[in-house]
Structures are given as structure tokens and as C-alpha cells.
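A look at the structure
What follows is the residue order along each chain.
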Amino acid sequence: RGVPDVTEQPAVDHRACGHGKIILLGEHAVVYGSHAIAAPVPLAVRAVAQDTKSGGVDMFIPRWGVEYRLHRDPAHRDSFQRSLGIIFDTLELTERSMRIEVFPNVPRAMGLGGSAAMAVAVIRALDQHYKLGLSDEEINALAFRCEEVAHGSASGIDNTVATYGKPLLYKRASKKGEAPMVRELQLPKRIPLVIGISGKESLTAVTVGKVRSAWQRNPALYDGIFQQIDGLTLQAMEAMQQYDLERLGDLMNICHGLLNALRVSSWEVEELVQIAREHGALGAKLTGGGGGGSIVALCPQNREKVAAAMRDAGYQAMEVDIG
Ligand code: MEV
């Protein structure tokens, strides 16, 4: 379905990359102040910066067929340049002469945190090349600004996982300028999952925007759904810490029902969820922005069977352990 093969992955070098992620529970509601649980996946974006004599910042993403010269004036940048452009402006590198090459092993627009991982990878490449000495906090804060442009009203969860590469419970700050609540999750054992990739590209900015307009039309109704997702997420954190996978699976299934109520599911996502459940997954739900993208299935047994059934139906499947 037009998605590059993600099953063969080079080892992830934390210093030079941004991590891809899954959200186990809490997507969309997290934008409105609910908790969410996210974890890195063994997919990452790597970037390399080199000096040139070209007289500008040249960006190459060969896998995506993207090649451009960054416009010096932010007002003249197109939507693709706008998000990453913030990095060069903030680090005062817009006037330099360089080539940035990006190697994205996170598939594009599949709900796996590709845009945040790319921002973190580019910041880390510049940090290494120009010896800027940025801390992880600074990298994360700058990637968040890129995400705000890419997603509209990003919660900040994707860039946080992309930067730190750890499973975490996340809640955005209630006021601008304050720090979000980020708690690393210590799990007794790793949790076995299958990620099903639908191949249908979907931009998080679009699904986040749709949920926002539905919420604006009827805030009380949607606030109720966000609160229910918040409750499921906090129960899921307990279930993970007690390694109660039956309970975690039930909570994931119910969470998917609520995401469907928010209308961020799709034909492909529903098919993947059904395949997973029918082949023995304890829980299955969409992950990330939805509208296509990917699903996550909890598979302590029958993991290979679930992944094979997804592949037989024409999708990509990746077996991953989190924790
Ligand atoms: C996207 O991975 C998660 C969303 O909740 C958006 C966000 O939190 O910024 C849909």
C-alpha cells in the first residue's frame, strides 16, 4: 500500500536521531488536558548536517523525494518549510551554507510520530555539527514549536517521546509557558504489541482540526468524552504497572470506541482492529492522529498470527515490545 518496508530497521543511535512513537491511550483527549500514555518504537529519523559553499540551507529527504532550499524570509516559506524553518531561525543558522540530509525510517503520516522525530533529528544533527551544546530540554522545547506549526494545537507528547525515547505518562501544561507533567513509566515486563500500518496517509493537523471544530460546536458533549478517555488512560497506567494485560486490553478496546465516537477512525483502521481482535489480540485501537495511519494491538499470545493476518489483508505489521 505504498508504505516503505519498516520491518528492517538499523540500530537507533539516540544522539543523532528522533524516535518514532505509539500512543497506547489518550490521543486527541491529551490536546484538551487529559493524560496520555506513549512509548517509543524501534523506528527513528536520523539527520546529518554538512558544510557547503552553496550559500544557503539545502534540505534533502531522498526517501520522500523532498529537496528544497530554505527560504530566508519565514513569510515566503511554504507549509513544508515552515515547521522545520523555526529550527534554523531560533538557532540563528538561517544564513549558513549547509546541506541537511534526513533519513526517515518512520513512515510518513502514519500516526507514528514522524514529524516530531524529524524535528528532533534535525535539531540533534545541527547541535552535533555546530557544537551548540543543547540539552534534551532545549531540544524538546524547540521540537514542540515545530510541532505546533505541524499539528495546529499539538499537546507536546510526540516531541517529548521523540526526544527522550522512553515510555511515559504525559499531561500538557494548563497554562502556556508552564511545564507539562511527564512521568517515565517503569513496567515490570515489556508489553508485546503489533503495530498495524494502514498505508492511508493522514495528517494529524487535519484530524486534530476536525475534533476541535466538533468540540467548538458542542463543548460539553466532547469534554465528557475527553474525561472518559482520561479515566481509561489512568486505569491503563495501573494495569500496565501491575502487568494486568487482560484489563489493559479491555481499556484499549473501549478507548478505541471513544476515538471512533470522535470520528477519527477510518475503513482501514476498523479493518485492522477487527483483524487483530479476531486473531486473538486482547485489545486493539487506533494510535496517534487516526483518519488512517496505524493501529496498535496488544498480543501476549498469537502475536505472529495477528501480524500475519494483517499482512495477508495487504497491510504492514510490526511486532514491537514496549517498556
Ligand atoms: C498525535 O500523535 C497525538 C494527538 O493527540 C495530537 C497531539 O497530542 O498533539 C492526536
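Anything mentioned here points back to the structure above.
Below you will find a few notes about this structure. Along each chain, residues carry numbers from 1 onward, in the same order as the chain's sequence is written. A pLDDT threshold of at least 70 governs which residues receive local features in this predicted model, and a stricter bar of 80 or more applies before side-chain atom pairs are shown or counted, although totals over entire chains, interfaces and linings include all residues. Side-chain descriptors were evaluated using all non-hydrogen atoms of the structure, hydrogens and water having been removed beforehand.

**Some points on the nonpolar core**
One recurring pattern in soluble globular proteins: nonpolar side chains tend to sit buried together. Stated precisely, the cut-off is as follows: To define a nonpolar core, start from buried Ala, Val, Leu, Ile, Met, Phe, Trp, Tyr and Cys residues and group those joined through side-chain atoms within 4.5 Å. Residue burial is assigned from relative accessible area. The probe radius is 1.4 Å, only protein chains are included, and a residue is buried under 20% of its type maximum, exposed over 50%, and partly exposed in between. The helix and strand labels rest on DSSP assignments: H or I over at least four residues marks a helix, E over at least two residues marks a strand, and numbering proceeds from the N terminus. Where each domain begins and ends follows an automated or database-derived domain assignment. Note on contacts: a residue pair qualifies if any of its non-hydrogen atoms lie within 4.5 Å across the two residues.
The biggest cluster of nonpolar side chains holds 97 residues, and the ones touching the most others in it are Leu24, Ile87, Phe88, Leu126 and Leu248. Ranked by residues supplied to this core, first place goes to helix α2 (residues 114–129) with ten residues. Taken domain by domain, the makeup of this core includes at least three residues from each of domain 1 (14–184) and domain 2 (191–322). If near-sequence neighbours (up to four positions away) are discounted, Leu126 is found in contact with Ala49, Ile87, Phe88, Leu91, Leu93, Met98, Ile100, Lys131 and Leu132.

**Describing the environment of Pro192**
On the secondary structure map, Pro192 appears in strand β8 (residues 191–197). Look at Pro192 and you get buried, because its relative accessible area is 13%. Sequence separation of Pro192 and Gly323 is 131 residues, and the distance between their C-alpha atoms is 9.3 Å. Contact partners of Pro192, with chain neighbours within four places excluded, come to Tyr243, Leu245, Ala297, Leu298, Cys299, Pro300, Arg303, Val320 and Asp321.

**Examining the site of the ligand**
Inclusion rule: In these notes, residues near a molecule or strand are those with any non-hydrogen atom within 4 Å of it. Throughout this description, a polar contact denotes any pair of N or O atoms lying within 3.5 Å of each other; where both atoms belong to protein, one of them has to be capable of donating a hydrogen while the other can accept it, and for residues adjacent in sequence the pair is counted only when both atoms sit in side chains. Here the accessible surface of atoms and residues is derived via Shrake-Rupley with a 1.4 Å probe, and residues count as covered only by protein chains that are part of the display. Put plainly, a pocket is an open set of points on a 1 Å grid over the protein atoms alone with protein on both sides within 12 Å along at least five of seven lines, a cavity is a set where a 1.4 Å probe fits but cannot get out, and a lining residue has an atom within 4 Å of a point. Any molecule with more than half of its atoms within 2 Å of a cavity's or pocket's grid points is regarded as sitting in that cavity or pocket. Polar here means any residue other than Ala, Val, Leu, Ile, Met, Phe, Trp, Tyr, Cys and Pro, which are nonpolar, and Asp, Glu, Lys and Arg, which are charged; Gly is therefore polar.
Around the ligand sit 15 residues, and of these Lys21, His28, Ala154, Ser155 and Asp158 come closest. Between the ligand and the protein, one listed contact pairs an oxygen atom with a side-chain N or O atom of Lys21 at 3.0 Å. Between an oxygen atom of the ligand and a side-chain N or O atom of Ser155, the distance comes to 2.6 Å. Out of a free accessible area of 300 Å², the ligand has 99% covered by protein chains. Cavity membership is defined here by more than half of the atoms lying within 2 Å of grid points; on that basis the ligand lies in the largest pocket. In the shell around the ligand, the residues fall into six nonpolar, six polar and three charged. Counting the residues that make up the shell around the ligand, at least three belong to each of domain 1 (14–184) and domain 2 (191–322).

**Here's the deal with the pattern of salt bridges**
The cut-off we apply is this: Criterion for a salt bridge: a side-chain nitrogen of Lys or Arg within 4 Å of a carboxyl oxygen of Asp or Glu.
Applying the stated criterion across every chain yields a total of twelve salt bridges. Ionic pairing is found between Lys285 and Glu27, a salt bridge with its closest N-O pair at 2.9 Å. With a gap of 258 residues between them, Lys285 in strand β9 (residues 283–287) and Glu27 in the loop between β1 (17–25) and β2 (36–51) connect regions that are remote in the sequence. There is no split in this pair, since Lys285 and Glu27 are both buried. A single salt-bridge network, built from bridges that share partners, covers Arg303, Glu319 and Asp321.

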